[in-house]
Amino acid sequence: MAPDTDPIVVTGMGAVSPLGVGVDANWQALLEGRSGIVMNDRFDVSAFAAKIAGLVPGSFDPTTAVDPKDLKKMDLFIQYGLVAAAEALTQSGWVADSADRQAVTATIIGSGVGGSPVMAEAVDIIRDKGPRRLSPFTVPAFLANLAAGWISIKYGFKGPIGAPVTACAASAQAIGDGMRLIRTGEADVVVCGGAEGSVDPISIGGFAASRALNTSFNDRPTEASRPFDKGHAGFVLAEGAAVVVIERLSHALARGAKPLAIAAGYGTSADAYHLTAGSPDGAGAQVAMNNAIRNAGIAPDDIGYVNAHATSTEVGDNAEINGIRAVFGDRGQSLAVSSTKSATGHMLGAAGAMEAVISILALRHQMLPPTLNLHDPEDVARQFDLVPLTAKPKALRHVLSNSFGFGGVNASLVFSAI
């Protein structure tokens, strides 16, 4: 594929995660090797096997982006999405202040689950007080597309709107969908990403029942998320949001915006293998990665860093490494592969966008974020530079970010330096 003479670029980024509120706070925490995993005090976990989670810290203030009177109308994931979008739009400087601008601005915000806390609360209200006590905002508070809806309404964006609900690949697919909208000419600017707020009894209980969650480190929360390590024992459920603003380079320059990175390639695929596990050889992941690299007009050897999906499960981590090895060959230590879920936990439908932001920051700062808690790597992963424990500098031109989800959905994004 010939290089794109007018590439799609990222002009704004916003983030809310267990590491902090704001892109800079998240990046600093990553460089310092801090973990956002804590004891779960969101609800009584005494009867639950998993007692830890990645919780957005108390410094989060939704009223920086939400009118206080509207808070009761939305679940947490919507609040997280609105705050992340506000940061991204402020950095981008994009304001849809005319009918023409409104019509060409799209909003694509994915979520893996949506408002499950509100759903859980609604069940309790019906049981304890009766259905007449439900709020009229119950349904719009939990619908998965309402993060996109609120952002669109708040800023007057009248272009295409969407909300991929593809489990843990949702927000990576949202960014990919945004790229497609720009390439087809359906939008000039896309506000895209993902939001999740599902640290609640349904999600914690359900994932634990499927034996996906880490229940072995309840007394050592910061050590619990350990991708690629032989001691990995399940993922840690987390919450948050990340949003990026993308547009053509010519469009950005014409309005005086600063391009942060090129959104160069996107690939997606289905495993058609198993409801919750990928093929051991990472076959579906290989397709997504190869398609993203081809879509970017580069070769596998051009990628210097992979932000892995790796959630800290033995089956998933090893399958992804096998897929990476098949795509990139015997690159050895010349290919850096780290999993920042070791610090954030697994933000489900928001994970892909969060890791896209981190990948862009790695490009901009020429710095590799570390894989925390990596002391004894799985044999299959040792061949690559897993960036154990501490961040380190590396010259980067192109990076790849992976996101995979239940149902066998795979999504890969390539970002390139300006």
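Overview of the structure.

Rules of the game
- Residues numbered from 1 in each chain as written.
- Predicted model: local features only at pLDDT ≥ 70, side-chain atom pairs only at ≥ 80, totals over all residues.
- Heavy atoms only, no water.
- Core = buried A, V, L, I, M, F, W, Y, C linked by side-chain atoms within 4.5 Å.
- Buried < 20%, exposed > 50% of the residue type's maximum accessible area, 1.4 Å probe, protein only.
- Helix = DSSP H or I, 4+ residues; strand = E, 2+ residues; numbered from the N terminus.
- Contact = heavy atoms within 4.5 Å.
- Axes fitted to C-alpha atoms, helices over the stretch in contact; angles between N-to-C directions.
- Parallel < 35°, antiparallel > 145°, perpendicular 65-115°, else oblique.
- Phe/Tyr/Trp six-rings, centres within 6.5 Å; stacked < 30°, edge-to-face > 60°.
- Lys NZ or Arg CZ within 6 Å of the ring centre and 35° of its normal.
- Salt bridge = Lys/Arg side-chain N within 4 Å of Asp/Glu carboxyl O.

Some points on the nonpolar core
Okay, step 1: Val10, Met13, Val190, Ile246 and Phe415 are the most contacted members of the largest nonpolar core, which totals 54 residues.
Okay, step 2: Counting residues per element, this core draws most heavily on helix H13 (residues 351–365), which supplies 10 residues.
Okay, step 3: Among all residues touching Val190, those that are not within four sequence positions of it are Ala106, Ile108, Gly178, Leu181, Ile182, Val244, Val245 and Ile246.
Okay, step 4: Among the nonpolar cores identified, the runner-up in size contains 31 residues, and Met74, Leu89, Leu146 and Ala195 belong to it.

Digging into the packing of helix H7 (residues 170–183) against H13
Okay, step 1: Interaxial distance between H7 and H13 falls to 5 Å at its minimum, and their mutual angle equals 65°. What the angle tells us is that H7 and H13 run roughly perpendicular. Note on element contacts: H13 touches H7 through Ala351, Gly352, Ala353 and Ala356, opposite Ser171, Ala172 and Ile175.

Some points on the packing of aromatic side chains
For any pair of aromatic rings, geometry is given as the distance between the ring centres together with the angle between the planes.
Okay, step 1: Under the counting rule described, the total for this entry stands at 5 aromatic pairs.
Okay, step 2: Judged by centre distance (5.3 Å) and plane angle (70°), the rings of Phe43 and Phe48 are edge-to-face.
Okay, step 3: Given a relative accessible area of 16%, Phe43 falls into the buried group.
Okay, step 4: On the numbers, 5.3 Å between centres and 75° between planes, the contact of Phe207 with Phe235 is edge-to-face. In this pair, Phe207 sits in helix H8 (residues 201–209) while Phe235 sits in the loop between H8 and strand E8 (240–248), placing the two residues 28 residues apart along the sequence. No difference in accessibility class separates Phe207 from Phe235, as the two residues are buried.
Okay, step 5: Feature note: the residues Phe207, Phe235 and Phe406 constitute an aromatic cluster, connected by ring pairs.
Okay, step 6: Of note, Lys154 hangs over the ring of Tyr155, and the distance from its end group to the ring centre comes to 5.5 Å.

Looking at the pattern of salt bridges
Working definition: two side chains of opposite charge can pair if their charged atoms are close together.
Okay, step 1: Throughout the structure, instances matching the rule amount to 18 salt bridges.
Okay, step 2: Here Arg127 ties to Asp128 by a salt bridge, and the two come within 2.9 Å at their closest N and O atoms. Each member of the pair, Arg127 as well as Asp128, is classed as exposed.

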